[in-house]
Amino acid sequence: MNIAYLTYALKRVAQAGAVILLAYVFTFIVVSILPGDPITNVLRDPQNGFSEEEIAQIIAAQGLDQPVAIQLWTALSHFLLGDLGLSMRSSRPVATLIAEVLPSTLILATSGLAVALVIATTVAYGTQFLPKRLGQGLVRALPSLSLSLPNFVIGLVLIHIFGFKLGLFRVIDPDSGWATFFAAIALGIPVSAQIAEVLIANLDRESRQDYAVLARSRGLGPFRLFTKHLLKPASLPVVTVIALTIGELLGGSLITETVFGRTGIGSLVQRSVSSQDLPVLQAVVSLAAVVFVLVNLIADLIYPLLDPRLKPVQTGGDHSKPQKGIAA
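Remember, it's a predicted structure, so these values are computed and weren't measured experimentally.

Visitor: Any chance you could explain the nonpolar core here in plain terms?
Guide: A general trend in soluble globular proteins is that nonpolar side chains are found buried together. Core analysis: the biggest nonpolar cluster contains 38 residues, and Ile195, Leu203 and Phe260 have the highest contact counts within it. Mapped onto this core, the elements with two or more residues apiece are helix 5 (94-129), helix 7 (151-165), helix 8 (177-206), helix 9 (210-217), helix 10 (222-244) and helix 11 (246-260). When neighbours within four sequence positions are excluded, Phe260 is seen to be in contact with Gly155, Ile159, Phe169, Val171, Pro174, Ala179, Phe182, Ala183 and Ala186. Ranked by size, the runner-up nonpolar core spans 26 residues in total, among them Ala16, Phe28, Leu76 and Leu268.

What follows is the structure, given as structure tokens:
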């Protein structure tokens, strides 16, 4: 690890931290300037049974009677320490509520990404080695078709066929292995389209390179040619695409959880929206921004290590900018 790469890494980490802070500040300001003071409206809901004196005590205890700048500083300080506040509905720590449902969402999102990678790699392989009419026509059209299908439509079809018709899983047991598998398929199919399109375009370029032509002339089989020579250089841009699709995976997970009836971040958000539990909503939005930024930060740091041509080189000007060339 040279000084240029270390400088580049520190710069990217600082940028990621700034983006996370700005995302939290933006979310806080939007919640604070919502018309009608939604926090007070929730407390004044007759179903909650709070008197005016109790409402005033709660507002003072939460610091909601302070200027917005002081509220922001207090909330930001607590956020940096991992304190996400208390739920307005259950009076439980928001961090505890999220910790209870986060594992289910992570399992679904990770499984969906794995499904997307398998589908994208299979489709990309087919475009290169299936018969020309099939590979150049039908298989290359699959990513566009997948991208046009919303995950909730795919989920409903999978539930109808494999849940009700074939009975492979029970709808009342959405956390079972088969239910999770089909939920991951519903989530992964739309995501696989973007990965497949990038992978196909890069495979088309790599397959025309001299080393690929030479490997074919030596009689190397399609599978070995694909795995040993074409896949690695063609998959480097996929790292960036995967990082960019994390947001889609998180958003799709919320919808997929609702369709399959899973208990996760999606159900927590749904309950929080219906009950106007703003501390929970703000925490979920902020954590989603943290995950998205961190994943893209990891991709930025890994990419130069995977491709020597993009390693930061030490120049007379910017010492941390990735450049094509031989690393210092």
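Visitor: I would appreciate a short explanation of the environment of Arg140 in the present structure.
Guide: With respect to the element layout, Arg140 can be found in helix 6 (residues 132-147). Overall, Arg140 belongs to the partly exposed group, its relative accessible area being 24%. Of note is the side chain of Arg140, whose polar atom sits 2.9 Å from the side chain of Asp204.

Visitor: Is there a simple way to think about helix 10 in this case?
Guide: For an α-helix the count is 3.6 residues per turn, leaving residues at separations of three or four pointing the same way. Of all the bends in helix 10, the greatest, near 55°, is centred on Leu231, and the proline Pro233 appears no more than four residues after it. Within helix 10, burial applies to Leu225, Phe226, Leu230, Ala234, Leu236, Val238, Val241, Ile242 and Ala243.

Visitor: What is the right way to read the pattern of salt bridges from this model?
Guide: Side chains carrying opposite charge are able to pair once their charged atoms draw close together. Scanning all chains against the criterion turns up 4 salt bridges. The salt bridge partner of Arg140 is Asp204, with a shortest N-O separation of 2.9 Å. Within this pair, whereas Arg140 is found in helix 6, its partner Asp204 is found in helix 8, the two being separated by 64 residues in sequence.

Visitor: What is the right way to read the packing of helix 7 against helix 8 from this model?
Guide: Any two packed helices are characterised by how steeply their axes cross, that is the angle between the axes, and by the distance between the axes. Remark: helix 7 packs on helix 8, axes separated minimally by 8 Å, with the N-to-C direction vectors making an angle of 145°. Our pair here, helix 7 against helix 8, has a crossing hand that is right-handed. Contacts between helix 7 and helix 8 involve Asn151, Ile154, Gly155, Leu158 and Phe162 on the former and, on the latter, Phe182, Ile185, Ala186, Leu187, Ile189 and Pro190. Along the lines of polarity and charge, the residues of the contact of helix 7 with helix 8 split into 9 nonpolar, 2 polar and no charged.

Calculation notes
- Sequence order sets the numbering: in each chain, residues are counted from 1 along the sequence as written.
- Predicted model: local features are reported for residues with pLDDT of at least 70 only, side-chain atom pairs are reported and counted for 80 or more only, and whole-chain, interface and lining totals are derived from all residues.
- The basis for every side-chain value is the complete set of heavy atoms in the structure, and neither hydrogens nor water enter the calculation.
- Residues enter a nonpolar core if they are buried and are Ala, Val, Leu, Ile, Met, Phe, Trp, Tyr or Cys, with the set joined through side-chain atoms within 4.5 Å.
- In this scheme, a residue with accessible area under 20% of its type's maximum is buried, one over 50% is exposed, and one in between is partly exposed, where area comes from a 1.4 Å probe on protein chains only.
- Think of it this way: any DSSP run of H or I at least four residues long counts as a helix, any run of E at least two long counts as a strand, and we number them from the N terminus.
- Residue contacts are counted whenever heavy atoms from the two residues lie within 4.5 Å of one another.
- N or O atoms closer than or at 3.5 Å make up a polar contact, with two conditions inside protein: a donor-capable atom paired with an acceptor-capable one, and, for residues adjacent in sequence, both atoms drawn from side chains.
- Note that bend, as reported per residue, equals the angle between axes fitted to the 7 residues terminating at that residue and the 7 residues originating from it.
- Think of a salt bridge as a Lys or Arg side-chain nitrogen and an Asp or Glu carboxyl oxygen that are within 4 Å of each other.
- For every element, the axis is a line fit to its C-alpha atoms; helices are fit only across the contacting stretch, and the angle between N-to-C directions ranges from 0 to 180 degrees.
- Crossings are sorted by hand: turned counterclockwise from the far helix by less than a right angle, the near helix makes the crossing left-handed, and turned clockwise it makes it right-handed.
- Classification used: nonpolar for Ala, Val, Leu, Ile, Met, Phe, Trp, Tyr, Cys and Pro, charged for Asp, Glu, Lys and Arg, polar for all others including Gly.

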